[in-house]
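Chains, contacts and geometry: an overview
Take a look at the letters that make up each chain.
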Amino acid sequence: MGQKIILIAGGSGLIGRALCYTLRNKGHIVYVLSRNPKKEGDIFWNPMLKELDSALLEGVQVIINLTGEGIGEKNWTTNRKIALRDSRIQTASFLLEKAKKMERLEYYIGASGVSCYGFEGHEEKNEALPFGSDFLSKLVQEWEQASDLFLEKCPVVKLRIAVVLSNDGGLLKKFQPLLKLRFFPFFGDGKQLLSWIHIDDLCRLFDFCIEQRPQGSFNAVSRNDSSYDFAKALLKKSERRGAIIRIPGWLIKTVFGEMSVVILKGIRVSNAKIKAAGFVFKYTLLEDALSIIKKP
Ligand SMILES: NC(=O)c1ccc[n+]([C@@H]2O[C@H](COP(=O)([O-])OP(=O)(O)OC[C@H]3O[C@@H](n4cnc5c(N)ncnc54)[C@H](OP(=O)(O)O)[C@@H]3O)[C@@H](O)[C@H]2O)c1
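Read on for a plain summary of the structure.

Parameters and conventions
Residues numbered from 1 in each chain as written. Predicted model: local features only at pLDDT ≥ 70, side-chain atom pairs only at ≥ 80, totals over all residues. Heavy atoms only, no water. Buried < 20%, exposed > 50% of the residue type's maximum accessible area, 1.4 Å probe, protein only. Helix = DSSP H or I, 4+ residues; strand = E, 2+ residues; numbered from the N terminus. Near = heavy atom within 4 Å. Polar contact = N/O pair within 3.5 Å; in protein donor to acceptor, adjacent residues only side chain to side chain. Nonpolar A, V, L, I, M, F, W, Y, C, P; charged D, E, K, R; others polar. 1 Å grid on protein atoms, 1.4 Å probe; cavity = no way out; pocket = protein on both sides within 12 Å on 5 of 7 lines; lining within 4 Å. Points joined across faces, edges and corners; volume = space filled by probe spheres on them. Phe/Tyr/Trp six-rings, centres within 6.5 Å; stacked < 30°, edge-to-face > 60°. Pairing = 2+ DSSP bridges. Axes fitted to C-alpha atoms, helices over the stretch in contact; angles between N-to-C directions. Contact = heavy atoms within 4.5 Å.

Backbone geometry at arginine 182 places phi at a positive 65°, although glycine is not the residue there. For arginine 182, a relative accessible area of 24% puts it in the partly exposed group. One non-glycine residue, arginine 213, lies in the positive phi region at around 55°. As for its placement among the helices and strands, arginine 213 is situated in the loop between α6 (199-212) and β11 (216-220). Exposure remark for arginine 213: the relative accessible area of 23% places this residue in the partly exposed category.

This is the structure in structure tokens:
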């Protein structure tokens, strides 16, 4: 596949930074839409105020939309829920306005999340199942509907991303203070499953989509491991210097409120559909994936 002009909205974050590197290394021209442009290739926008110079986007062939306030960053107060929603739905609809004028646009990739299935039931979650009924599932459903509006312009894929394992941020960084003290935590009874994907595989998956153009929704999940398995793997990585600790469910609920479901209630998510489309994961074992973390 030849060089493409790719626009990443929200490309300054954890996934976007790694993705820019991967796609530029492959020879693509990558622009990033950011409210705080800092680097070469960054373009200023303010989607809430509908500020963006369309002239800069004329040649764009692929849009990747990663924008959205961090789901796990702050407790879900009423105002926070509005911010989580608006930063996804309103930005997508503003981007669509701009996309309508992009004559060369060929493909749209929208970020989505595995939390779309809700946390009920023990069956493995595949893409044919309906959305759940809790706050997060409904948010993701609306988010995917906003992505689908791009279908009037080009084919659309929605990647239902699992927890991203990366050294540069996300879940693992949140636990760095505990890891530094050599405490390896698990939560509640430790049996709940956490679906994860290594950042390198996720970037490879975006690249795979740009080349192969799958359409519809796909779970972007390498594997599901229990909260206790995570603690065990981290302890092993530290050459057994440290201790596994249990953080009780009531404490998580007190600190995180409604958001605690994400930590305490696991789901098993299937990756059969994306594998059937031809994608091959590089990191399929937790221990290998965790090898990216710097030693605490
Ligand atoms: N990381 C994960 O484990 C994970 C898992 C599942 C799904 N996802 C989803 O994948 C997407 C990218 O994830 P990420 O980890 O890279 O997120 P991130 O590090 O928080 O980056 C998201 C980017 O979105 C932009 N943004 C945030 N709030 C915004 C707002 N109110 N208006 C406009 N832009 C806003 C920011 O760009 P500027 O500040 O430069 O404007 C930010 O760099 C997110 O939508 C996330 O929910 C992530």
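The next subject is the site of the ligand. Neighbouring residues of the ligand: 22 residues in total, closest Ser12, Leu14, Ile15, Ser34 and Arg88. Measuring from an oxygen atom of the ligand, one finds a backbone N or O atom of glycine 13 at 3.2 Å. Within the side chain of arginine 88, one N or O atom sits 2.8 Å away from an oxygen atom of the ligand. Among the secondary structure elements, those contributing two or more residues to the shell around the ligand are α1 (14-25), α2 (78-99), β6 (107-113) and β8 (163-165). Broken down by element, the shell around the ligand gets its largest block of residues, three residues, from α2. When its residues are assigned to classes, the shell around the ligand shows 10 nonpolar, nine polar and three charged.

Reported here for the second largest pocket is a volume of approximately 260 Å³. Taken together, Phe119, Glu120, Gly121, His122, Glu123, Lys191, Gln192, Leu193, Lys265, Gly266, Ile267 and Arg268 form the lining of the second largest pocket. In the lining of the second largest pocket, the residues fall into three nonpolar, four polar and five charged.

Below, the discussion takes up the packing of aromatic side chains. Tallied over the entire structure, the rule returns six aromatic pairs. Relative to tyrosine 228, the ring of phenylalanine 186 lies with its centre 5.1 Å away and its plane at 80°, an arrangement referred to as edge-to-face. Of the two residues, phenylalanine 186 is situated in strand β9 (residues 183-187) and tyrosine 228 in helix α7 (residues 227-237); the sequence distance between them amounts to 42 residues. On the basis of relative accessible area, phenylalanine 186 is assigned to the buried category, the value being 11%. For tyrosine 228, a relative accessible area of 35% gives the class partly exposed.

The subject of this paragraph is the environment of glutamine 176. Locating glutamine 176 in the fold gives a position in helix α5 (residues 176-180). The exposure class assigned to glutamine 176 is buried, which follows from its relative accessible area of 17%. Separated by 117 residues in sequence, glutamine 176 and isoleucine 293 place their C-alpha atoms 9.7 Å apart.

Looking now at the sheet that holds strand β12 (residues 223-226). Strand pairing in a sheet relies on backbone hydrogen bonds, with the paired strands running either antiparallel or parallel. Strand order in the open sheet made by the three strands is β8-β10-β12, with mixed pairing throughout. Of all the strands in the sheet, just β8 and β12 have a single pairing partner and so form its edges. Geometrically, the sheet is characterised by an average inter-axis angle of 45° between neighbouring strands, direction not taken into account. Against the sheet, α6 engages β8 and β10 (193-198), with an angle of about 65° to β10.

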